[in-house]
Amino acid sequence: MKCALICVALCVAAAVAIPVPDQNAETLKYDNNINGVDGYSYQYETSNGISAQEAGELKAVGDASALAVRGSYTYTAADGQVYTVTYIADENGFQPEGEHLPKE
């Protein structure tokens, strides 16, 4: 169950962090660390300017465990502007922040 949560988090993060497809992009850097069943971290950078990093760990929430994640990703949009999003995802949901995102 814990490994499944970690795998799902990694897949979601990877899908969110690649908004601009580029068939010729190369992976310049990739680090991945799984800390048993308690947590993980990864970071990568590609030749087309996409980069991401994330760390997650299980934490107790009442009688259950929840995955708490912190991370960020950066990409260059079609308009040439570089965007960075930092986020927390935990029992309170996905909470992104970025200069280009509306504030409540």
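For the structure, check the block above.
Structural notes, computed from the coordinates.

Looking now at the pattern of salt bridges. Side chains carrying opposite charge are able to pair once their charged atoms draw close together. Tallied over the entire structure, the rule returns one salt bridge. In this structure, Lys 59 engages Glu 91 in a salt bridge whose closest nitrogen and oxygen atoms are separated by 3.3 Å. With Lys 59 in strand 3 (residues 51–61) and Glu 91 in the loop between strand 5 (82–90) and strand 6 (93–97), the pair connects residues that are 32 residues apart, well separated along the chain. With relative accessibility at 41%, the residue Glu 91 sits in the partly exposed group.

Let us look at the pairing of strand 4 (residues 64–76). Note: strand 3 against strand 4, eleven bridges, orientation antiparallel. For Ala 55, the partnering residue across the bridge sits in strand 4 and is Arg 70. Where strand 3 hands over to strand 4, the hairpin turn is made up of two residues, of which Gly 62 adopts a positive phi near 65°. Summarising the sheet, strand 4 and strand 5 pair through eight bridges and their orientation is antiparallel. Residue pairing for strand 5: Thr 76 is matched across the bridge by Val 82.

Taken in spatial order, the six strands of this open sheet run 1-2-3-4-5-6, and their pairing is antiparallel. What marks the edges here is a single partner per strand, and that holds for strand 1 (27–35) and strand 6. Going across the sheet, the axis of each strand differs from the next one's by a mean of 10°, ignoring polarity. Two elements, strand 2 (residues 39–46) and strand 3, share seven bridges in a ladder whose sense is antiparallel. Its bridge partner lying in strand 3, Glu 45 is registered against Ser 51.

Of the strand pairs in this sheet, strand 5 and strand 6 are connected by five bridges, and their pairing is antiparallel. Note that in strand 6 the partner of Asp 90 across the bridge is Gly 93. Joining the antiparallel neighbours strand 5 and strand 6 is a turn of two residues.

About the cut-offs
Throughout this description, residue numbers start from 1 for each chain and increase along the sequence as written. Per-residue local features are limited, in this predicted model, to residues with pLDDT of at least 70; the limit for side-chain atom pairs, both in listing and counting, is 80 or more; totals at the level of whole chains, interfaces and linings are taken over all residues. Excluding hydrogens and water, the side-chain values take into account all heavy atoms of the structure. A side-chain nitrogen of Lys or Arg and a carboxyl oxygen of Asp or Glu constitute a salt bridge if their distance falls within 4 Å. A run of H or I in DSSP counts as a helix once it spans at least four residues, and a run of E counts as a strand once it spans at least two, with each numbered from the N terminus. Note on classification: 1.4 Å probe, protein chains only; a residue is buried when its accessible area is under 20% of the maximum for its type, exposed when over 50%, partly exposed between these limits. Two strands pair if DSSP finds at least two bridges between them. In this analysis, axes come from line fits to C-alpha atoms, helices being fitted only over the stretch in contact, and the angle between any two N-to-C directions falls in the range 0 to 180 degrees.

Geometry only, nothing functional implied.
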